[in-house]
Amino acid sequence: MSTRRKNFSEQSVLETVDLSVNLGGLCLKNPVTVASGTFGYGREYEPFVDISRLGAVIVKGTTLKPNSGNPAPRIYETASGMLNSIGLENPGIEDFLNIHLPYLLERGVSVIANIAGNTLEEYETLGAMIRKQSGVAAIELNISCPNVKKGGMHFGTDPDMVFQVVNAVKKATDLPVIPKLSPNVSDITIIAQAAQAGGANALSMINTLMGMAIDIEKRKPVLGNIFGGLSGPAIKPVALRMIYQVHREIDIPILGGGGIMSATDALEFIMAGSSAVSIGTGNFVQPGISVQVINELADYMIANNIPRISDLIGAAVRK
Amino acid sequence: MIVSQMQGMVIDNTQKKSGWYEMELSTPSFASDAQPGQFLHIKTGDGNYPLLRRPFSICDFDKDTGRLFLMYKLLGSGTEWLSNVMSGGYVDIIGPLGRGFTYPAPGARVILVGGGIGIAPLLYLARRLTERKCRLLMFYGAEERCQLSALNKFKRLGVGTDVATRDGSAGFTGLVTDLVQQKIASEKADVIYTCGPEIMMAKVAAIAAQYQIPGELSLEEYMACGVGACLGCARKLKTRDDNFIKICKDGPVFSFSQMEFDLN
């Protein structure tokens, strides 16, 4: 890390440019969030980043009851990416609200909860449990997890189901609702439109692409769950393409991500139509990457005389 | 113990007679706090491929010089990249991470059982236990004679060694676990520490159970974050367990009593 970069992390420099963005009613001090499932509940990354500097922390997907997740092995590295089949392991909504959320709120972190249900009713119940008074800033709706049999991606690949689940959670909570879309569909714009019609305040995209790897010695799939979700730089072009397509078709903002490893990557996502970005796999590689990207975005804006980052949203999109 | 990220300068990184690489790093003093059995998560590549960090056991640490030692085997693209880092180059390190070995009472009689490259974390453990006036005996299993060069560092610490080679080129011919089985009764050990192939550690744990000797072992798994966030390096220690432990955070060191192995 160069000393020059360190200079740009100084508060005075950040104050000269406006990094704030509006994500469907949720005001973020900067567009950089960390993706659900890649940042735990923030604790694990405290040695590396000042988590209060992040636009938001999207916490690990939370289910109604504790969930022990999928059999091992759960992860495997592939070319410029990784497969995971964690299977939504989490301690359940009670522990999230009572233990993990207070920890983040005490540190001044803007928290986006991520919820996953097995049924429409479970999504409703979870939505009703996470409202403004809980201190959570918004709800990301996991309707795209490729690693759970019931629910998960099943909710995110059928436009009618997407409409219903978004609508149900919207009615249950007073917070902005941000469904996370699955890329494992033939036309993502149809899903995006269904989510918008259901009342979504913003869209989060993309979740992982379903994939697999084979162990040729054992002649069997590497992952315990056979299939997993592919993430990392390998999926960036797919994510950008989908965000670009969706941005042209819908009116609500996009929280974009998929393989972001640098401020340049983040800018590509913003210019493709993302109002905010999420960093996922990059956290595993460089645990300080999120704050580094914030600093480098400011760096870019100063160098290019861009007063507001929001001026760049969708800059590359031909309507 | 403070976890941090730092650039370690490579002092030496060469392939030894054993066929394995030994890397000497000059790092800030972080490692002086490190417990034996803890690991470092190292970025083994400049760009996006290889992408993820790789975990490496702390093989040794010299308090006086601040030098950190790693020992590794060429396994894939990550270790290949690492093997090409020249002296004077830097590697990006996170650590120390995980839960290391727990120390026995000072003066305890300790048996170490290492297999192959699994010898790595046992060296730093041996150093710390020697400082605690423990009496150490190392059983080491190798494929062939050349790998025994790694044992010299143990000998320099005054650790007794007894070796087994698969090809019979040195010491006992066969598996180190058969050697341990033969010798253990006369050693009256208070504790056993082991690291190596899982099947070897399973047999060591079974022998230890026979003689009611407590012990600890170090597990391996693919890791992504290394800090307990991604929940990737999960496994059930016992088949009836409800929950998955995470090797990076709950381990990599576990006690024999926490484990259940399928020896068939």
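Residues numbered from 1 in each chain as written. Chains lettered and ligands numbered in written order. Predicted model: local features only at pLDDT ≥ 70, side-chain atom pairs only at ≥ 80, totals over all residues. Heavy atoms only, no water.

Participant: What should I look at first to understand the domain arrangement of chain B in this one?
Facilitator: How big an interface is tends to be expressed through the accessible area that disappears when the partners come together. Residue and element names in this part refer to chain B. When the domains of chain B are assigned, the result is domain 1 (4–97) and domain 2 (109–258). For domain 1 and domain 2, the distance between their C-alpha centroids amounts to 21 Å. Listed per partner, the contact involves 25 residues of domain 1 and 25 residues of domain 2. In this structure, the connection of domain 1 to domain 2 is made through two salt bridges. Here K153 makes a salt bridge to E22, at a shortest N to O gap of 2.5 Å. Our count for the domain 1 to domain 2 interface comes out at five residue pairs in polar contact (both at pLDDT 80 or more). (Domains from an automatic or database assignment. Contact = heavy atoms within 4.5 Å. Salt bridge = Lys/Arg side-chain N within 4 Å of Asp/Glu carboxyl O. Polar contact = N/O pair within 3.5 Å; in protein donor to acceptor, adjacent residues only side chain to side chain.)

Participant: Can you help me understand the nonpolar core in this one?
Facilitator: Across soluble globular proteins, you tend to see nonpolar side chains buried next to one another. With 137 residues, the main nonpolar core has F96 and I130 of chain A as its most contacted residues. Examining the composition of this core, we find that seven residues originate from one element, helix α11 (residues 289–303) of chain A, more than from any other. Each of domain 1 (4–97) and domain 2 (109–258) of chain B accounts for three or more of the residues forming this core. A108, I119, V163 and C195 of chain B belong to the second-largest nonpolar core, a separate cluster that totals 31 residues. (Core = buried A, V, L, I, M, F, W, Y, C linked by side-chain atoms within 4.5 Å. Buried < 20%, exposed > 50% of the residue type's maximum accessible area, 1.4 Å probe, protein only. Helix = DSSP H or I, 4+ residues; strand = E, 2+ residues; numbered from the N terminus.)

Participant: What's the story with the interface of chain B and chain A in this structure? I'm lost.
Facilitator: With 31 residues of chain B in contact, the opposing surface of chain A contributes 34 residues. For the pair chain B and chain A, the summed buried surface comes to about 2500 Å²; carbon and sulfur atoms form 64% of the total. Taken together, the connections running from chain B to chain A amount to three salt bridges. Here K246 of chain B and E89 of chain A are joined by a salt bridge, their closest N and O atoms 2.6 Å apart. At the junction of chain B with chain A, the criterion picks out ten residue pairs in polar contact (both at pLDDT 80 or more). Going through the elements one at a time, β1 (4–15), β7 (90–97) and β14 (234–235) of chain B are the ones with two or more residues in the side of chain B that touches chain A. By residue class, the composition of the side of chain B that touches chain A is 16 nonpolar, six polar and nine charged. (Buried area = accessible area lost by both parts, 1.4 Å probe. Nonpolar A, V, L, I, M, F, W, Y, C, P; charged D, E, K, R; others polar.)

Participant: Got a minute to help me understand the packing of helix α4 (residues 120–129) of chain A against helix α6 (residues 159–172) of chain A in this structure?
Facilitator: Residues and elements named next belong to chain A. In contact at an axis separation of 8 Å, α4 and α6 are set at 30° when each is read in the N-to-C sense. Taken together, the axes of α4 and α6 are roughly parallel relative to one another. In the crossing of α4 with α6, the sense of the turn from one axis to the other is right-handed. Residue-level contacts link L120, Y123, E124, G127 and A128 of α4 to Q164, V165, A168, V169 and A172 of α6. When its residues are assigned to classes, the contact of α4 with α6 shows seven nonpolar, two polar and one charged. (Axes fitted to C-alpha atoms, helices over the stretch in contact; angles between N-to-C directions. Parallel < 35°, antiparallel > 145°, perpendicular 65-115°, else oblique. Left-handed = near helix turned anticlockwise from the far one by under 90°.)

Participant: What am I meant to see in the confidence of the model for chain B here?
Facilitator: Residues shown with low pLDDT carry predicted positions that ought not to be read at fine detail. All names here are of chain B. Residues with a pLDDT of 70 or more make up 97% of chain B, whose mean pLDDT is 92. Within chain B, the element-level pLDDT minimum falls on strand β5 (residues 60–62), averaging 89, and the maximum on strand β12 (residues 191–195), averaging 98. Per the prediction output, this complex has pTM 0.94; the corresponding ipTM is 0.93. (pLDDT = per-residue confidence, 0-100.)

Participant: Explain the sheet that holds strand β6 (residues 81–84) of chain A to me, please; I cannot follow it from the model alone.
Facilitator: What links the strands of a sheet is backbone hydrogen bonding, and the strands pair in either a parallel or an antiparallel sense. Residue and element names in this part refer to chain A. Strand order in the open sheet made by the four strands is β5-β6-β14-β11, with antiparallel pairing throughout. Two strands lie at the open edges of the sheet, namely β5 (75–78) and β11 (209–211), each paired on one side alone. Neighbouring strand axes in the sheet, compared pairwise and without regard to direction, differ in orientation by 35° on average. In terms of strand pairing, β5 meets β6 through four bridges, oriented antiparallel. The residue bridging T78 from the neighbouring strand is G81, located in β6. (Pairing = 2+ DSSP bridges.)

Participant: Just checking my understanding: could you explain the sheet that holds strand β3 (residues 39–43) of chain B for this structure?
Facilitator: Residue and element names in this part refer to chain B. Read from one edge to the other, the open sheet built from seven strands follows the order β4-β3-β7-β1-β2-β6-β5, with strand pairing classed as antiparallel. At either margin of the open sheet sits one strand with a lone partner, and together these are β4 (54–57) and β5. For this sheet, the mean angle separating the axes of adjacent strands, direction not counted, is 35°. Relative to β7, β3 runs antiparallel, the two being bridged by four bridges. Paired with H41 across the strands is I94, a residue of β7. Contacts between helix α2 (residues 120–131) and the sheet are confined to β4, β5 and β6 (67–72), with β5 contributing the most and set at about 40° to the helix.

Participant: Please explain the packing of α6 of chain A against helix α7 (residues 188–197) of chain A as it appears in this structure.
Facilitator: Two numbers describe a pair of packed helices, the interaxial angle and the distance between the axes. All names here are of chain A. Across the interface, α6 lies against α7 with an axial gap of 8 Å and an inter-helix angle of 30°. One finds that α6 runs roughly parallel with respect to α7. Both α6 and α7 take part in a crossing whose hand is right-handed. In this structure, α6 contributes P159, V162, F163 and V166 to the contact, and α7 contributes I190, I191, A194, A195 and A197. Within the contact of α6 with α7, the residues separate by chemical class into nine nonpolar, no polar and no charged.

Participant: How should I be thinking about the environment of L82 of chain B in this particular structure?
Facilitator: The topology assignment puts L82 of chain B in helix α1 (residues 77–83). Under the relative-accessibility criterion, L82 of chain B is labelled buried at 0%.

Participant: It is not clear to me how the environment of G37 of chain B should be interpreted in this structure. Could you clarify?
Facilitator: Inspection of the secondary structure puts G37 of chain B in the loop between β2 (21–26) and β3. Discounting chain neighbours no more than four positions away, the residues touching G37 of chain B are R99, G100, F101, P121, P252 and V253 of chain B.

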